[in-house]
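# An overview of the molecular structure
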Amino acid sequence: MEPIQSKAAQGRVADAPSGHWAYRALPRWLWPYAQLARWDRPIGWQLLLWPCWWSAALAASAYPRPTDPLLTLLPAPWYLLLFLIGAIAMRGAGCTYNDIVDEDIDNQVERTRSRPLPAGKVTRKQAWVFVVIQALVGLVVLLQFNSFAIPLGIASLAVIAIYPFMKRFTNWPQFVLGLAFSWGALMGWAVEFGDLDGPAIMLYIGSILWVIGYDTIYAHQDKEDDAIVGVRSTARLFGDNTKIWLVGLYGGALICFAIAFASAQAPVPALAGLIAAGAHMARQIAVLDIDNPDQCLRLFRSNNQVGWLIFLGLIGGSLWVALKPLV
C-alpha cells in the first residue's frame, strides 16, 4: 500500500486508490506525471468521454429509416476510439494546467496538498511541458475530423483556459466546468453531419446541467477547506439545499436529453436508457449525505454508470430499428 504523498515522501495522492495500476506498472519517476494527468483516477476522462459518445451515437441513429443497415445506425468504432484517446489526453492536459494554476490553493486543502506540484515532486516547467505533450496528442486526434469539427474543437480551449480561475470569482465554477466537459456533445454531431443542429444543442445543455449536478456532489468533499481558503463552489452556494438543486439540475438534464432524442427522431427504445439513468440519479439524491466526503466521492464516481445507461440506450434503439423488420 502506497503512503499518501507529501514533501517528505513519494506515494499516491490522497483521493487515488492504493494499488492502482499506475503505481504498480509505472516507474516511480513517472508517478508525478500519472498523477498530474489523473491516470490513477480515471473517472474524469470517463465523464468527459460520455457526452462525446452520446453525441456520436445520437447522430448515427438520427432520422432513421427501416431500410437503413445496422452499421449505418451505430457510431463508427474509429470515431469512438478517437474520442476515447482525445478524452484521456485533454482531460490530462486540462488537469495538469489546472494544477499549475491552483498550486497555492492545493497546498492549503487537505485532499489536494498531496498532488505533485504542492508536494514538490515535479517542477512547474516540467508540468508545462507535460501540458504541451498531452495537448499535441489531442490535436492529432482533432485533425482526424472534418473541417467543421476541427475549429469547433479548438474553440473549447477558451473555456478550458478560464475554468481554473472561476472558483476565485464566482459561486458557479461548476457551470464553466459544464461548458468544458460537455463540449463533446457538440463534437459527435459535428463529426457526423459537419454542422450543429437542435439535437446537439439540447444534448449540450442537458450535459451542462448533469455536470453541475455531479460536480456539486464532488465539491462537498472540500467545502470546509474551501471556505477557509476562499474558494467558491455550488456546494457552498447550495449548502443544505443541495438535494433540491440536484432535483432541478438532474431533472432538467433528463428533459433536455429527451428533447434532443425526440428532435433527432431517435428510436423510442433509446428512452429506456434515459429512464434507467433517471432512476440512478434519483437514488444519488435520495442517499446523498453532503457531510460524508467518502460517500460524496462514491456518488460522484457512480455517474460513470449514468453515462453507460444513456449510451447503451441509444445503441439499443439502433439495434431495434435494424432488427425490427426481421421479427
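Before any of the text, the structure's been laid out above.
So, here is what we can say about the structure in this document. (Residues numbered from 1 in each chain as written. Predicted model: local features only at pLDDT ≥ 70, side-chain atom pairs only at ≥ 80, totals over all residues. Heavy atoms only, no water.)

A side chain of one charge can pair with a side chain of the opposite charge when the charged atoms of the two come close. Taken as a whole, this structure holds 10 salt bridges when the rule is applied. The partner of Asp102 in a salt bridge is Arg168, with the nearest N and O atoms 3.2 Å apart. Of the two residues, Asp102 is situated in the loop between helix 5 (77–101) and helix 6 (103–106) and Arg168 in the loop between helix 8 (149–166) and helix 9 (173–181); the sequence distance between them amounts to 66 residues. The partly exposed category is assigned to Arg168, whose relative accessible area is 29%. (Salt bridge = Lys/Arg side-chain N within 4 Å of Asp/Glu carboxyl O. Helix = DSSP H or I, 4+ residues; strand = E, 2+ residues; numbered from the N terminus. Buried < 20%, exposed > 50% of the residue type's maximum accessible area, 1.4 Å probe, protein only.)

On inspection of all chains with the given rule, the structure shows 23 aromatic pairs. With a centroid separation of 5.2 Å and 40° between ring planes, the pair formed by Trp53 and Phe311 is classed as tilted. Remark: Phe311 occurs in helix 17 (residues 303–323) and Trp53 occurs in helix 3 (residues 43–61); sequence separation between them is 258 residues. For the pair formed by Trp53 and Phe311, the shared burial category is buried. For the ring pair Tyr63 and Trp189, a centre distance of 6.4 Å and an interplane angle of 80° mean the geometry is edge-to-face. Of this pair, Tyr63 sits in the loop between helix 3 and helix 4 (70–73) while Trp189 is found in helix 10 (residues 184–193), placing the two residues 126 residues apart along the sequence. We classify Trp189 as buried; its relative accessible area is 0%. Grouped by ring-pair contacts, the aromatic residues Trp54, Trp210, Tyr214, Tyr218, Phe257 and Phe300 constitute a single cluster. Sitting over the ring of Tyr163, Lys167 keeps its end group 5.5 Å from the ring centre. (Phe/Tyr/Trp six-rings, centres within 6.5 Å; stacked < 30°, edge-to-face > 60°. Lys NZ or Arg CZ within 6 Å of the ring centre and 35° of its normal.)

Here we take up empty space enclosed by the protein. Applying the stated criterion across every chain yields a total of 1 cavity of 30 Å³ or more. Ala56, Pro75, Ala76, Tyr79, Phe83, Gly188, Val191 and Glu192 together form the lining of the largest cavity. Those elements that provide at least two residues to the lining of the largest cavity are helix 5 and helix 10. By residue number, the principal contributor to the lining of the largest cavity is helix 10, which donates 3 residues. In terms of residue class, the lining of the largest cavity is made up of 6 nonpolar, 1 polar and 1 charged. (1 Å grid on protein atoms, 1.4 Å probe; cavity = no way out; pocket = protein on both sides within 12 Å on 5 of 7 lines; lining within 4 Å. Points joined across faces, edges and corners; volume = space filled by probe spheres on them. Nonpolar A, V, L, I, M, F, W, Y, C, P; charged D, E, K, R; others polar.)

Quick look at the packing of helix 3 against helix 5 now. Packing of helix 3 against helix 5 leaves a shortest axis separation of 9 Å and a crossing angle of 150°. Once helix 3 is placed against helix 5, the crossing between them reads as right-handed. Two secondary-structure elements touch here, helix 3 through Gly44, Trp45, Leu48, Leu49, Cys52, Trp53 and Ala56 and helix 5 through Leu80, Phe83, Leu84, Ala87, Ile88 and Arg91. The residue makeup of the contact of helix 3 with helix 5, split by class, is 11 nonpolar, 1 polar and 1 charged. (Axes fitted to C-alpha atoms, helices over the stretch in contact; angles between N-to-C directions. Left-handed = near helix turned anticlockwise from the far one by under 90°. Contact = heavy atoms within 4.5 Å.)

Now for the environment of Val247. The residue Val247 is located in helix 14 (residues 242–263) in this model. Once the C-alpha coordinates of Val247 and Ile43 are considered, the two residues, 204 residues apart in sequence, prove to be 23 Å apart. Not counting residues within four places of it along the chain, the set of residues in contact with Val247 comprises Gly252 and Ile285.

On to the layout of surface pockets, then. Rolled over the atoms, a probe sized like a water molecule indicates the empty space that remains. Quantified by volume, the second largest pocket comes out at close to 300 Å³. Those elements giving two or more residues to the lining of the second largest pocket turn out to be helix 12 (223–229) and helix 16 (293–301). Tallied by class, residues from the lining of the second largest pocket come to 5 nonpolar, 2 polar and 9 charged.

All right, on to unusual backbone geometry then. Located in the positive-phi region is Arg38, a residue other than glycine, with phi close to 65°. Assignment of secondary structure puts Arg38 in the loop between helix 2 (31–36) and helix 3. Given a relative accessible area of 6%, Arg38 falls into the buried group. A positive phi angle, close to 55°, is found at Gln265, a residue other than glycine. Within the secondary structure layout, Gln265 lies in the loop between helix 14 and helix 15 (270–287).

Attention now goes to the packing of helix 5 against helix 7 (residues 124–142). Where helix 5 meets helix 7, the closest approach of the two axes is 8 Å, and the angle between their N-to-C directions is 155°. The angle between helix 5 and helix 7 places the two elements in the roughly antiparallel class. Where helix 5 crosses over helix 7, the handedness of that crossing is left-handed. Taken together, the residues of helix 7 that come into contact with helix 5 (itself represented by Leu82, Ile85, Gly86, Ala89, Met90, Gly92, Ala93, Thr96, Tyr97 and Ile100) are Arg124, Ala127, Trp128, Phe130, Val131, Gln134, Ala135, Val137, Gly138 and Val141. Considered class by class, the residues forming the contact of helix 5 with helix 7 number 14 nonpolar, 5 polar and 1 charged. (Parallel < 35°, antiparallel > 145°, perpendicular 65-115°, else oblique.)

What follows is about the side chain of Gln284. Residue position: Gln284 is located in helix 15. Filtering out sequence-adjacent residues up to four positions away, Gln284 remains in contact with Ile217, Tyr250, Leu299, Ser302, Asn303 and Val306.

Keep in mind these values describe shape, not function.
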